[in-house]
Amino acid sequence: MFKKAFQERRDLVVGMLNQTEELSCPTPEGAFYVYPDCSRAIGKTSAGGVKLNNDEDFAAALLDEEKVAVVPGNAFGVNGLGHVRACFATSYEQLIVACDRIDRFVQGVKK
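Here we summarise the structure given alongside this text. The model shown is predicted, which means the values in this text are computed figures rather than measured ones.

Helix length check: helix H3 (residues 92–107) (16 residues) gives 22 Å between terminal C-alpha atoms against 22 Å at 1.5 Å per residue, within 8%. Among the residues making up H3, those that are buried are Leu 95, Cys 99, Ile 102, Phe 105 and Val 106. All buried residues of H3 lie within an arc of 120 degrees about the axis, which places them on one face of the element. Away from its buried face, by an angle of more than 90 degrees, H3 presents the exposed residues Glu 93 and Arg 104. Contact partners of the buried residues in H3: helix H1 (2–18), helix H2 (55–66) and strand E3 (84–87).

Given below as structure tokens:
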């Protein structure tokens, strides 16, 4: 029962994040988090005016501007520069809201 619920949440998050043009999110085989690649946003500026020099800047600006918390990938040894870790151990509804906010944030990133 729990396994199926988490697989559905994983599939939702991976599917929604992969629809966002500047992101790429591989499907994890286990756990309850994903590591989307946000490297195409690095070097650009958020809608709030934050220069995204690395994954830490991306995570901080996403939290500040869209109220979505992710962890910089470098904290987990994931090629640092362009990955963040996002947990999907929450409700389906909250995941939809979070993915929509991530998409809005990324769509607002400019060169």
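On we go from here.
Attention shifts here to the packing of H2 against H3. Running from N to C, H2 and H3 point in directions that differ by 110 degrees, and their axes come no closer than 10 Å. It follows from the interaxial angle that H2 and H3 lie roughly perpendicular. The two elements H2 and H3 cross, and the hand of that crossing is right-handed. Listed contacts from H3 to Phe 58, Ala 61, Leu 62, Glu 65 and Glu 66 of H2 are Arg 101, Ile 102, Arg 104, Phe 105 and Val 106.

Applying the stated criterion to the full structure yields four aromatic pairs. Pairing Phe 32 with Tyr 33 gives two aromatic rings, centres 5.6 Å apart and planes at 75 degrees, and the pair type is edge-to-face. Assessed through its relative accessible area of 23%, Tyr 33 is described here as partly exposed. Ring geometry for Phe 58 against Phe 105: centres 5.2 Å apart, planes inclined by 90 degrees, an arrangement best described as edge-to-face. Taken together, the residues Phe 58 in helix H2 and Phe 105 in helix H3 connect sequence positions 47 residues apart. Judged by its relative accessible area of 2%, Phe 58 is buried. Taken together, the aromatic side chains of Phe 32, Tyr 33, Tyr 35 and Phe 76 make up a single cluster linked through ring pairs. Cation over ring: Arg 9 sits above Phe 6, and NZ or CZ is 5.2 Å from the ring centre. The ring of Tyr 33 has Arg 85 lying over it, and the distance from NZ or CZ to the ring centre is 3.9 Å.

Cut-offs applied
Note that residues are indexed from 1 along each chain, following the sequence as it is written. Confidence filtering applies because this is a predicted model: local features only for residues at pLDDT of at least 70, side-chain atom pairs given and counted only at 80 or more, and all residues used for totals across whole chains, interfaces and linings. The basis for every side-chain value is the complete set of non-hydrogen atoms in the structure, without hydrogens or water. In DSSP terms, a helix is any run of H or I states spanning at least four residues, a strand is any run of E spanning at least two, and both are numbered starting from the N terminus. Helices are assigned an expected span. That span is 1.5 Å times one less than the residue count. Exposure categories follow from relative accessible area, calculated using a 1.4 Å probe and restricted to protein chains: below 20% of the type maximum is buried, above 50% is exposed, and the middle band is partly exposed. When we speak of the arc, we mean the arc of directions from the helix axis to the C-beta atoms. By the convention used here, residues are in contact when the closest approach between their heavy atoms is within 4.5 Å. Only the stretch in contact is used when a helix axis is fitted, and all axes are lines through C-alpha atoms; the angle between N-to-C directions ranges over 0 to 180 degrees. Between 65 and 115 degrees an angle is taken as roughly perpendicular, under 35 as roughly parallel, over 145 as roughly antiparallel, and anywhere else as oblique. Take the far helix as the reference: if the near one is turned anticlockwise from it by less than a right angle, the crossing is left-handed, and if turned clockwise, right-handed. Pairing of aromatic side chains here covers Phe, Tyr and the six-membered ring of Trp, requires ring centres within 6.5 Å, and sorts the geometry by plane angle: under 30 degrees stacked, over 60 edge-to-face, intermediate tilted. Two limits define a charge over a ring: the Lys NZ or Arg CZ must be within 6 Å of the ring centre, and within 35 degrees of the ring normal.

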